[in-house]
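# Summary of the model geometry
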Amino acid sequence: MNQLPIADRRETLRWLRGELRARWGEAAGAFAVGLLAAAAGVTPVYALGVLVDRVRAGAPASDIVGITIVIVVAAIVAGVTTALSSYLIARLGGRILAALREDVVARAVTLPATRLERIGKGELMSRVGPDVAAVNKAVTDVLPTMTSSVLLAALSVAAMAGIDWRLGLAGLVTAPLYVLALRWYLPRSGPGYAVERAAVGERSQLLLESVQGLRTVHAYRLETPHLRGIDAASARARDVSVNVFSLFTRFVGRINRAEFAGLTVIVVTGFLLVRDGSVTVGGTAAAAVLFHRLFNPVSMLLYTFDELQAGGAGLARLVGVVTIPDERPATVEGQSPSDSSLELAGVRFGYPGGPEVLHGVSLRIEAGQRVALVGSTGAGKSTLAAVAAGILQPAAGSAGVGGMPVAHMGPELLRSQVVIITQETHVFAGELIEDLRLARPGATDAEIDAALATVGAADWVRALPEGVRTVVGEGGHELTAARAQQIALARLVLADPAVAILDEATAEAGSYGARDLEDSALAATAGRTTLVVAHRLTQARSADRVVVLEDGRVAEEGGHDELLLAGGRYAQLWAAWESRTPTFP
Ligand SMILES: Nc1ncnc2c1ncn2[C@@H]1O[C@H](COP(=O)(O)OP(=O)(O)OP(=O)(O)O)[C@@H](O)[C@H]1O
């Protein structure tokens, strides 16, 4: 499956119900205020009907003043509560969406590495980008209007039925006409908008290409064909836009017809009811005004329906991610690593759809030992490191710490046992100290300072504008690759795992920086069982043991000197390395 899943309607609704239940107080509050707003909105019209009857009956002026006061107060209450209910609904929706977005990211980063890779960054980014934007628009713009329109419509029809049940029924006559109009419009508008977007996109693309390739256009005298192309694309975009707009006006026409039919039915029903004496003139007038007042909110509701649909589709895509079952193992009860030795036994692994990369690799590192993994490019070193760290699950064989397979460790235990540092050390945007605390959330300032000192970063960190409080990463103080590596090593010290795996942790920097980093890496891993993927063979020389991996198999194993003497693959790699780097070490 190369895509993240999309939840179906039932799943999405179930999720939404769960969220609303979890925030039921807030949801009930927003609903109650909305209901009050709708009631306050209906009251003036109802009062107007009473006013008509009183005036017709020649009531004294004092009567009229009383009703006028009711109308004014109700209008003010309606204004205030409508604004408040919109705010409350948008806030509730915004909070749910924010939590959902966090859940999506949290769930996505815990997906198995191979699956994430297959899915691709673009797919994930589209979920947290455009999908969230679509839901956000629906939540902040559409949902408050929609809720107040629906409540107002419901209460208006109830009020009409309260005047006389036949008037209520007459008010409902339009409902199927609205539904028909929507069912006509929606299947046409979606594809229509898509074609419009594509045509506009094509026009922009052509314009951009012509501007970017201006020199080429001039050089080959391509002005006329290019202008013709832009003309044609513009004409297409214009025609499509006109089509889409005329579709919309036809939709509006259908809505107007529904309104006309509804109002006619109400007035005729009212006339008949007044004639037979069951309803007063004021009652009929109130029913007609109540209905007429719904034109605007109901039209808004219908016009924004496709945005609501887009929001719903976005929501289904987000819920699809959070409801992916968490397949990470839970810690097997009663098991715990007996020591900090690392053992890989008969590990076989191939990336999905590709050939086998590791063909049964076995390797044991005693507690506290340091082993360097060397080999040519593509031998499988990084893959083996990722298997050892529990990031990749082997097809056969196992990786374990202190006799306990990493596959039996839950995320918490695994994090306390094995930490891997790869070349892609990301510095998260924010204060440096927060970046470090990712490794140990409760770390004190003193512990942070000690970790920085261990990796030799204390001096340059102190010299930053705000020390450890300096904002680093994107938009902040940019750290060099070597410094980012040192921060990663300081995080390793804070995480304090039994086993450290360094994959090319020092390969980034130039020779002299690399030597400093090697010292940092040695200090950070002192006392830990360590597996180093050594691209710089000086790292191999300082290790207790060297393992040479070739084509996914262990080719040689032993101490640096011993392997040099043996004159095998390692001796070749070492000779090549020395001839390449005459100035270092
Ligand atoms: N994410 C991936 N998806 C598919 N194939 C991969 C992936 N990563 C590595 N490979 C393939 O697996 C094989 C082993 O790669 P690996 O990166 O483990 O080797 P390496 O010894 O670490 O190489 P290098 O020294 O260049 O980092 C290579 O053939 C590589 O093309």
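Conventions used here
- Residues numbered from 1 in each chain as written.
- Predicted model: local features only at pLDDT ≥ 70, side-chain atom pairs only at ≥ 80, totals over all residues.
- Axes fitted to C-alpha atoms, helices over the stretch in contact; angles between N-to-C directions.
- Helix = DSSP H or I, 4+ residues; strand = E, 2+ residues; numbered from the N terminus.
- Parallel < 35°, antiparallel > 145°, perpendicular 65-115°, else oblique.
- Contact = placed C-beta atoms within 7 Å.
- Nonpolar A, V, L, I, M, F, W, Y, C, P; charged D, E, K, R; others polar.
- Near = placed C-beta within 6 Å.
- Core = buried A, V, L, I, M, F, W, Y, C linked by C-beta atoms within 7 Å.
- Buried ≥ 20, exposed ≤ 12 C-beta atoms within 10 Å, placed from the backbone.
- UniProt positions renumbered as here; feature names shortened; annotations may be inferred.
- Pairing = 2+ DSSP bridges.

## Some remarks on the packing of helix α9 (residues 223-275) against helix α10 (residues 281-293)
Look at α9 against α10: their axes get within 9 Å of each other, and the N-to-C directions meet at 170 degrees. Relative to α10, the element α9 is oriented roughly antiparallel. Residue-level inspection shows Gly262, Leu263, Ile266, Val267, Gly270, Leu273 and Val274 of α9 in contact with α10, the latter providing Val281, Thr284, Ala287, Ala288, Phe291 and His292. Split into classes, the residues belonging to the contact of α9 with α10 amount to 9 nonpolar, 4 polar and no charged.

## Let's talk about the site of the ligand
The environment of the ligand is made up of Glu117, Tyr351, Gly354, Val357, Gly375, Thr377, Gly378, Ala379, Gly380, Lys381, Ser382 and Thr383. With 3 residues, the top contributor of residues to the shell around the ligand is helix α13 (residues 381-388). A per-class count over the shell around the ligand returns 3 nonpolar, 7 polar and 2 charged.

## Points about the nonpolar core
Of all hydrophobic cores here, the largest spans 72 residues; its most connected members are Leu373, Val374, Ala388, Ala490 and Ile501. Per-element accounting of this core gives the leading share, 7 residues, to helix α18 (residues 481-495). For leucine 373, the residues in contact, after removing those within four places along its chain, are Lys381, Leu384, Leu531, Val532, Val533, Ala534, Val547 and Leu549. By size, the runner-up hydrophobic cluster in this structure holds 62 residues, among which are Trp15, Val45, Ile89 and Val135.

## A closer look at the UniProt feature "transmembrane region" (unreviewed entry) in the protein chain
Taking the UniProt record as the reference, the feature "transmembrane region" (unreviewed entry) is found at residues 27-52, 64-90 and 167-186. Secondary structure across residues 64-90 comprises 100% helix and 0% strand; the distance between its end C-alpha atoms is 39 Å.

## Some words on the sheet that holds strand β9 (residues 499-503)
Taken in spatial order, the 6 strands line up as β6-β9-β10-β3-β11-β12 in an open sheet, and their pairing is mixed. For this open sheet the edge positions go to β6 (418-421) and β12 (553-558), each flanked by a neighbour on one side alone. On average, adjacent strands in this sheet sit at an angle of 20 degrees to one another, irrespective of strand direction. Here strand β11 (residues 545-550) pairs with β12 via 5 bridges, running antiparallel. By the bridge assignment, glutamate 550 is partnered in β12 with arginine 553. Against the sheet, α13 contacts β3 (370-374), β6, β9, β10 (529-533) and β11, and its axis sits at roughly 155 degrees relative to β10.

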